[in-house]
Number of protein chains: 4
Amino acid sequence: MMDVQVFRLPMSGPDDVSALANLIDQGTVNPQEICAIIAQTEGDGYARGYSALSFELMISERTGLSRTEIAKRIPMLMIGLTGGLMSPHYTVFSRKQVDAPSKGEKRLALGIKTTRVLLPEEYGTKTHVLLVAEAVKAAMVEAGIDDVNDVKCVEVKCPNLTAARIQDAKSRGKAVVSTNFADAGAKSKGASALGVALALGEISEDAVTDQAICSNWNLFSKVASTSAGNEQVACKVILIGNSKTAVSAFKAGCGVMSDTLDLSGAFSAFKDAGLVFNGEIPQDQRDKIATVFINAGADALGSIRGRRTTMKSDYLAGYQGIFAKAVINAIVGALIGDTMILASAGYEHQGPLGANLVAVIAKAD
Amino acid sequence: MMDVQVFRLPMSGPDDVSALANLIDQGTVNPQEICAIIAQTEGDGYARGYSALSFELMISERTGLSRTEIAKRIPMLMIGLTGGLMSPHYTVFSRKQVDAPSKGEKRLALGIKTTRVLLPEEYGTKTHVLLVAEAVKAAMVEAGIDDVNDVKCVEVKCPNLTAARIQDAKSRGKAVVSTNFADAGAKSKGASALGVALALGEISEDAVTDQAICSNWNLFSKVASTSAGNEQVACKVILIGNSKTAVSAFKAGCGVMSDTLDLSGAFSAFKDAGLVFNGEIPQDQRDKIATVFINAGADALGSIRGRRTTMKSDYLAGYQGIFAKAVINAIVGALIGDTMILASAGYEHQGPLGANLVAVIAKAD
Amino acid sequence: MMDVQVFRLPMSGPDDVSALANLIDQGTVNPQEICAIIAQTEGDGYARGYSALSFELMISERTGLSRTEIAKRIPMLMIGLTGGLMSPHYTVFSRKQVDAPSKGEKRLALGIKTTRVLLPEEYGTKTHVLLVAEAVKAAMVEAGIDDVNDVKCVEVKCPNLTAARIQDAKSRGKAVVSTNFADAGAKSKGASALGVALALGEISEDAVTDQAICSNWNLFSKVASTSAGNEQVACKVILIGNSKTAVSAFKAGCGVMSDTLDLSGAFSAFKDAGLVFNGEIPQDQRDKIATVFINAGADALGSIRGRRTTMKSDYLAGYQGIFAKAVINAIVGALIGDTMILASAGYEHQGPLGANLVAVIAKAD
Amino acid sequence: MMDVQVFRLPMSGPDDVSALANLIDQGTVNPQEICAIIAQTEGDGYARGYSALSFELMISERTGLSRTEIAKRIPMLMIGLTGGLMSPHYTVFSRKQVDAPSKGEKRLALGIKTTRVLLPEEYGTKTHVLLVAEAVKAAMVEAGIDDVNDVKCVEVKCPNLTAARIQDAKSRGKAVVSTNFADAGAKSKGASALGVALALGEISEDAVTDQAICSNWNLFSKVASTSAGNEQVACKVILIGNSKTAVSAFKAGCGVMSDTLDLSGAFSAFKDAGLVFNGEIPQDQRDKIATVFINAGADALGSIRGRRTTMKSDYLAGYQGIFAKAVINAIVGALIGDTMILASAGYEHQGPLGANLVAVIAKAD
């Protein structure tokens with residue numbers, strides 16, 4: 001049986017990995033069992049790499065494995081750029097096989113897979129979608145999940161086009177989806193989300209065409225959260241759900257906020273993770289929350305419930321993703337009295353336009 | 001008896017005063033009776049002046065009064081800088097004397113007063129505090145309010161130091177509170193807030209010293225919202241509360257959110273304004289809300305409930321006031337399903353550090 | 001004969017039109033003769049409208065003409081967003097017919113024309129190019145210029161797509177060039193620049209296709225500076241050059257800096273305007289400078305002379321146009337000891353990629 | 001005799017240390033001889049730490065020394081935040097003792113010293129000044145420089161106050177210079193600059209009082225460039241000058257630009273470093289330039305030569321240091337056709353207010 005543990009830890013800067021180091025040094029975490037780290041880093045985009053390097057170094061020192069080996073073994077999803085009340089932190093997942101009786105209900109399980117290396121001309125295309133779908137299915141198998149309804153969150157990190165990659169494609173006579181980096185990045189994220197949707201049966205393969213990507217917004221996954229990075233060459237998939245072959249003390253849940261003000265959607269995610277409440281979430285139930293991941297979508301639109309916002313038009317519009325994350329962090333944070341919630345921006349086929357996807361991991365025992 | 005009407009109207013840009021123009025042209029609003037306009041303008045600081053000029057021009061054309069006369073008669077509080085889900089809009093107050101029977105309960109009343117012109121060396125000092133306190137008391141009399149508990153919100157616009165004003169003080173051998181504009185502005189706002197606190201008996205006059213301003217954070221008002229502008233030479237006070245001599249269809253309420261996550265504080269404001277609900281606010285009660293003014297305080301601190309935020313340290317720290325407004329707008333907006341809420345940043349003696357002050361005006365009939 | 005006067009005046013804020021008001025009140029400027037105002041305004045985009053409104057009001061009061069009439073008579077080109085050493089100011093052009101002998105050399109002349117109203121689906125297309133070309137030719141005629149080499153600077157203000165305009169096109173079954181506002185705006189500016197190039201014989205009509213706009217960067221004008229605004233519905237052309245039918249005390253010149261470091265290109269513009277110097281520009285020659293307009297192009301590229309810059313990649317990349325303007329203002333400002341230079345960003349067919357176009361107006365007498 | 005080598009190398013990101021790695025791997029640079037690295041890093045403040053960590057790791061791997069040992073041996077001055085045409089890069093200094101005849105003229109020499117650890121309450125005080133002065137004198141001795149006129153540039157990295165350090169001081173009953181981090185940081189940098197000025201005889205010890213720091217702007221050094229960092233606990237001094245005991249192929253020079261437009265001040269620095277030119281700097285002389293360090297001061301003032309700028313007032317005022325660096329980089333870059341110039345912001349006693357200090361290292365052989 002698979003036993004997964006979850007540790008949510010604060011960081012005082014992108015390079016502060018001391019909280020995890022302490023847990024390792026105290027014997028609470030076995031560094032060999034760490035299987036994924038998902039961090040909310042402050043600072044700009046470079047701070048993500050700084051943070052990843054800091055984790056690699058620290059775990060390398062404590063395991064005797066090389067940094068390269070650590071980077072290969074432990075997918076690190078660094079979600080950068082914070083604002084408002086967002087509190088920098090990271091969630092560490094550890095995983096091991098144990099000989100234990102079933103808990104009598106499905107429990108937290110993880111599946112982690114990486115696609116083959118994509119060619120630059122494949123980024124943001126149907127090929128990209130199919131490769132991610134294949135990886136998601138393999139991750140479900142690894143997690144011991146056979147019902148798609150038990151998949152609560154799929155984080156995908158995919159590659160971005162760079163000048164060098166465009167050049168590479170050109171040198172082979174191939175065209176990329178767009179030479180505009182922002183457009184190409186959106187399509188890469190969109191294709192990843194559609195890959196999740198396809199694997200989980202949320203959309204049909206017929207509907208997936210190169211043209212539909214970042215164009216037909218009726219296609220989406222309700223559990224996908226995707227981000228793109230220049231450092232990626234393949235797509236890394238971290239699938240989170242509940243499995244009957246898992247004996248973790250934790251359980252995952254999810255819910256969709258149809259727009260950023262939809263509190264009932266947020267509540268449904270906490271209930272799906274096993275919290276019991278009626279109206280306000282009481283302290284004893286809040287205490288069960290292990291971690292919360294939100295895919296924010298407020299930056300998809302320039303209005304909400306008929307009210308115009310300045311999200312996409314004002315002089316700070318370049319930071320709209322940060323504002324989208326800050327507002328959903330604040331709203332959900334107010335429901336649980338805690339702003340150490342991961343928020344990731346990205347509306348490309350990650351839920352309907354303007355929606356927020358909420359995943360919750362909570363103690364079940 | 002005083003009859004006050006309240007109109008909350010959307011704007012498509014800082015210069016868009018068409019919604020009010022339409023109400024005037026339709027005969028719904030008598031421009032002679034407009035007594036105050038409080039706007040949430042997008043854009044940067046200059047957009048505030050642009051908006052005020054646009055209102056002056058439009059009302060001047062419709063009343064035949066000069067722009068200068070309009071500027072003198074109608075205090076215009078332009079709260080600039082929006083972010084997140086904040087929706088640009090303005091609230092127009094009109095006021096007239098009517099011969100009507102009491103409503104049997106206290107109703108919305110306004111008092112509007114301006115202090116004498118302050119000398120630059122008085123900005124942010126005890127003198128400033130005393131002058132504002134005097135104006136607040138006079139505004140209470142004008143509003144027909146004799147119980148300080150009936151004062152629900154006091155908006156104060158006070159002067160900022162400028163290079164020319166520092167020079168003026170120097171030329172007369174006088175020192176200003178600070179030659180750092182940010183510090184001086186904070187003290188001006190702080191002194192205004194303490195003036196409100198003093199008038200309402202929230203603090204004693206003994207406690208008010210030059211030294212205490214922006215230093216002793218135990219002194220504060222729970223209903224003051226203050227802002228400073230280079231264009232001001234005196235302090236303008238708009239006092240909002242309930243009076244037995246008022247027959248408005250509206251009622252005001254207020255509440256303190258002890259920190260930005262304190263939903264119970266927000267709920268208390270809506271209840272104080274007469275809304276009836278238990279847990280979630282139902283649609284029929286939401287429909288009664290005429291306008292909401294929040295004084296945001298999240299930018300007072302770099303942490304919340306033990307969680308570190310990047311509010312005061314990240315590369316966007318220069319915009320911390322916008323983030324403070326965006327997060328409280330989102331949180332309270334989610335409670336009422338509407339983000340057309342005014343949020344003003346400023347923590348200087350406006351509630352305890354980190355608190356948010358919520359004022360609500362709702363239909364009573 | 002046409003007599004053109006040029007006044008470059010400082011402003012202390014977007015609404016400060018006092019310097020021009022003073023010149024009018026002193027009798028130095030006849031407000032009836034003002035034919036164009038080109039301003040470098042600080043603040044954000046809204047400050048442009050604020051400034052234009054302030055000019056309209058002030059001139060309306062001093063001429064007795066309505067604001068609408070002033071807006072129609074005097075094209076106002078407000079170039080927003082300043083940074084670095086850029087100094088907010090405006091250049092006022094006044095024009096009148098006089099009975100005077102020729103100066104024996106060509107002198108400063110202006111031609112001002114507006115195209116017909118463009119349909120949203122025409123923005124950024126070949127139709128747009130042709131309409132601007134026609135207006136430029138008409139402006140040459142008005143200015144009394146028959147040799148294209150005498151045209152030194154053509155400022156064009158053209159319309160931007162808006163949500164409403166896209167909707168309008170759709171409702172008539174028409175497609176716009178792009179539903180991405182940034183792309184559409186670039187194409188509108190690009191089409192305007194190609195219109196100038198076509199009129200001046202810098203490119204052939206064959207080369208102008210819808211597809212070439214913002215794609216074939218080998219097509220460009222060396223004297224066009226274009227900007228787009230949501231408030232525009234047609235293209236306004238202000239053509240500046242020298243004419244034998246003009247008797248102005250001023251003369252115009254221009255030059256191309258092949259990249260932002262190309263000082264020789266800047267020097268050539270000052271020489272073309274009649275300044276005499278060898279190496280450094282001496283004070284007596286600097287004193288002749290009436291105004292300088294630069295079209296900045298540094299934001300076209302992410303490198304210069306083989307050195308990578310962070311212009312297009314860093315967290316401030318959203319403000320790359322401001323940086324492009326700030327650096328060219330500083331470089332040319334250092335050559336003349338004055339930063340009251342107008343810089344406008346925009347590389348779409350306005351010179352070769354990365355070039356800066358410099359126009360200088362100097363006293364000739 | 002001391003032989004110093006200088007390598008200026010491009011970086012494609014804060015973590016890109018490949019150019020130096022290549023030089024080490026090729027045998028061009030002996031990693032044991034590296035004595036200082038001064039980098040211009042892009043990204044935000046955290047990128048400085050990321051870059052330093054990347055250098056430490058790379059050099060550690062190539063020397064077999066621990067990262068801690070590398071950090072101790074090689075002072076790394078990471079100047080963060082780029083804009084405009086600034087090109088991320090780093091300058092590596094290596095130093096060794098050689099048995100060689102004098103070059104017949106003074107040549108490039110370095111002195112590197114660190115003060116004792118400062119107590120938080122000492123930051124920004126006269127004690128701080130005296131400690132830096134002592135370190136500067138020791139660095140002169142190490143560099144073999146006995147004439148203060150041979151000191152061309154002194155880079156100082158000093159500590160910043162942090163919340164923890166203020167707490168530490170308080171716990172011992174001590175007060176810090178300011179609990180406002182910005183003010184305290186300015187005083188730390190100012191004290192460091194005054195330390196340089198004192199050591200070089202530019203000011204008298206009498207003039208140095210706690211009160212004078214960041215207040216009496218008549219006190220300054222013409223060669224100091226200081227920056228403060230949260231990671232520092234002592235002051236690191238890198239002194240650059242020319243010595244008769246040095247046999248480097250390079251020579252240093254310096255000059256003061258009295259304001260940002262003062263080209264003659266910039267030219268004087270290049271001449272002081274041995275370049276020969278009259279007016280424009282010809283290509284063969286440009287080829288001799290090894291590296292350029294500028295301390296930018298444009299952000300000290302809100303005007304230049306009587307022209308008001310928006311440097312300190314506009315909505316981007318929070319980034320004024322970046323603009324100050326971008327404009328001086330552009331201006332000096334235009335003089336030498338190269339923007340790979342290091343610019344550091346900081347006006348606190350680093351030259352007169354508004355001045356820019358230019359240091360040049362050029363090939364002498």
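Here the structure is a predicted model, which means the values were calculated and not measured.

## Section: the overall build of chain A
- Helix and strand counts for chain A come out as 9 helices and 14 strands.
- Its C-alpha atoms give chain A a radius of gyration of 19 Å, near enough to 21 Å, the size a compact globule of 365 residues would have.
- Projected onto its principal axes, the C-alpha coordinates of chain A cover approximately 55 × 50 × 40 Å.
- Among the 365 residues that make up chain A, the fraction classed as buried is 64%.

## Remarks on the pattern of salt bridges
- Overall, the coordinates contain 80 salt bridges over all chains when judged by the stated rule.
- One salt bridge in this structure joins Glu142 of chain A and Arg95 of chain A, with 2.7 Å as the shortest N-O distance. Of this pair, Glu142 of chain A sits in helix α4 (residues 126-143) while Arg95 of chain A sits in strand β4 (residues 89-97), and the two are 47 residues apart along the sequence.
- Since its relative accessible area comes to 23%, Arg95 of chain A is described here as partly exposed.
- A salt bridge links Lys152 of chain B to Asp272 of chain B, with the shortest nitrogen-to-oxygen separation between them at 2.9 Å. One end of the pair, Lys152 of chain B, is in strand β6 (residues 151-159); the other, Asp272 of chain B, is in helix α7 (residues 263-272), and 120 residues separate them in sequence.
- By relative accessible area, which is 29% here, Asp272 of chain B ends up partly exposed.
- In this structure, a network of salt bridges that share partners links the residues Lys103, Glu105, Arg107, Lys251 and Asp365 of chain A.

## Looking at the interface of chain A and chain B
- Contacts between chain A and chain B engage 45 residues on the former and 45 residues on the latter.
- Carbon and sulfur atoms supply 63% of the area buried between chain A and chain B, which totals about 3,500 Å² over both sides.
- On the chain A side of the contact with chain B, Leu85, Arg307 and Arg308 of chain A bury the most area, a combined 19% of that side's loss.
- One can count 4 salt bridges joining chain A with chain B.
- The salt bridge partner of Arg307 of chain A is Asp338 of chain B, with a shortest N-O separation of 2.8 Å.
- For the pair chain A and chain B, the number of links is 16 residue pairs in polar contact (both at pLDDT 80 or more).
- Elements with a minimum of two residues in the side of chain A that touches chain B: β12 (307-308) and α9 (320-336) of chain A.
- Here the residues of the side of chain A that touches chain B are counted per class, giving 22 nonpolar, 14 polar and 9 charged.

## A look at the domain arrangement of chain A
Residues and elements named next belong to chain A.
- If you check the domain split of chain A, you get domain 1 (2-97), domain 2 (107-240) and domain 3 (249-363).
- Each partner contributes to the interface: domain 1 provides 13 residues, whereas domain 2 provides 14 residues.
- In total, about 1,200 Å² of surface goes out of reach between domain 1 and domain 2, with carbon and sulfur atoms giving 69% of it.
- At the boundary of domain 1 and domain 2, one finds 1 salt bridge.
- The tally of links from domain 1 across to domain 2 stands at 2 residue pairs in polar contact (both at pLDDT 80 or more).
- Elements that contribute at least two residues to the side of domain 1 that touches domain 2 include exactly β1 (2-10), β2 (34-40), β3 (76-79) and β4.
- Grouping the constituent residues of the side of domain 1 that touches domain 2 by class yields 11 nonpolar, no polar and 2 charged.

## Regarding the nonpolar core
- Among the nonpolar cores identified, the biggest contains 158 residues, and Phe270 of chain A, Phe270 of chain B, Phe270 of chain C together with Phe270 of chain D are the most heavily contacted of them.
- Ignoring sequence-local partners within four residues, the contact set of Phe270 of chain C consists of Leu275, Phe277, Ile281, Ile289, Val292, Val332, Ile336 and Val360 of chain C.

## Digging into the environment of Phe270 of chain D
- Looking at where Phe270 of chain D falls in the secondary structure, it is placed in helix α7 (residues 263-272).
- The buried category is assigned to Phe270 of chain D, whose relative accessible area is 0%.

## Structural notes on the environment of Gly49 of chain D
- Counting through the fold element by element, Gly49 of chain D comes out in helix α2 (residues 45-63).
- When its relative accessible area of 26% is taken as the criterion, Gly49 of chain D is described as partly exposed.

## Focus: the sheet that holds β2 of chain A
Residues and elements named next belong to chain A.
- Strand order in the open sheet made by the 4 strands is β1-β4-β2-β3, with mixed pairing throughout. Each end of this open sheet is capped by a strand with a single partner; those strands are β1 and β3. Each strand of the sheet is rotated relative to its neighbour by a mean of 10 degrees, with strand direction disregarded.
- Packing against the sheet, helix α2 (residues 45-63) makes contact with β2, β3 and β4, and its axis sits at approximately 145 degrees to β3.

## So, the packing of α4 of chain A against helix α6 (residues 181-199) of chain A
Residue and element names in this part refer to chain A.
- Remark: α4 packs on α6, axes separated minimally by 7 Å, with the N-to-C direction vectors making an angle of 45 degrees. Relative to α6, the element α4 lies oblique. For the element pair α4 and α6, the recorded crossing hand is right-handed. Contact with α4, carried on its side by His128, Val129, Leu130, Val132, Ala133, Val136 and Lys137, involves Ser188, Ala191, Ser192, Leu194, Gly195, Val196, Leu198 and Ala199 of α6 and no other residues of that element.
- For the contact of α4 with α6, the per-class residue count stands at 10 nonpolar, 4 polar and 1 charged.

## With respect to the interface of chain B and chain C
- Each partner contributes residues to the interface: chain B has 13 residues there, and chain C has 13 residues.
- The interface formed by chain B and chain C contains 2 salt bridges.
- Across the pair Arg67 of chain B and Glu61 of chain C runs a salt bridge, and its minimum N-O distance is 3.0 Å.
- At the junction of chain B with chain C, the criterion picks out 5 residue pairs in polar contact (both at pLDDT 80 or more).
- With 7 residues, the top contributor of residues to the side of chain B that touches chain C is helix α2 (residues 45-63) of chain B.
- Counted by class, the side of chain B that touches chain C contains 6 nonpolar, 3 polar and 4 charged residues.

Criteria and thresholds
Residues numbered from 1 in each chain as written. Chains lettered and ligands numbered in written order. Predicted model: local features only at pLDDT ≥ 70, side-chain atom pairs only at ≥ 80, totals over all residues. Heavy atoms only, no water. Helix = DSSP H or I, 4+ residues; strand = E, 2+ residues; numbered from the N terminus. Rg over C-alpha atoms; globule rule 2.2 N^0.38 Å. Buried < 20%, exposed > 50% of the residue type's maximum accessible area, 1.4 Å probe, protein only. Salt bridge = Lys/Arg side-chain N within 4 Å of Asp/Glu carboxyl O. Contact = heavy atoms within 4.5 Å. Buried area = accessible area lost by both parts, 1.4 Å probe. Polar contact = N/O pair within 3.5 Å; in protein donor to acceptor, adjacent residues only side chain to side chain. Nonpolar A, V, L, I, M, F, W, Y, C, P; charged D, E, K, R; others polar. Domains from an automatic or database assignment. Core = buried A, V, L, I, M, F, W, Y, C linked by side-chain atoms within 4.5 Å. Pairing = 2+ DSSP bridges. Axes fitted to C-alpha atoms, helices over the stretch in contact; angles between N-to-C directions. Parallel < 35°, antiparallel > 145°, perpendicular 65-115°, else oblique. Left-handed = near helix turned anticlockwise from the far one by under 90°.

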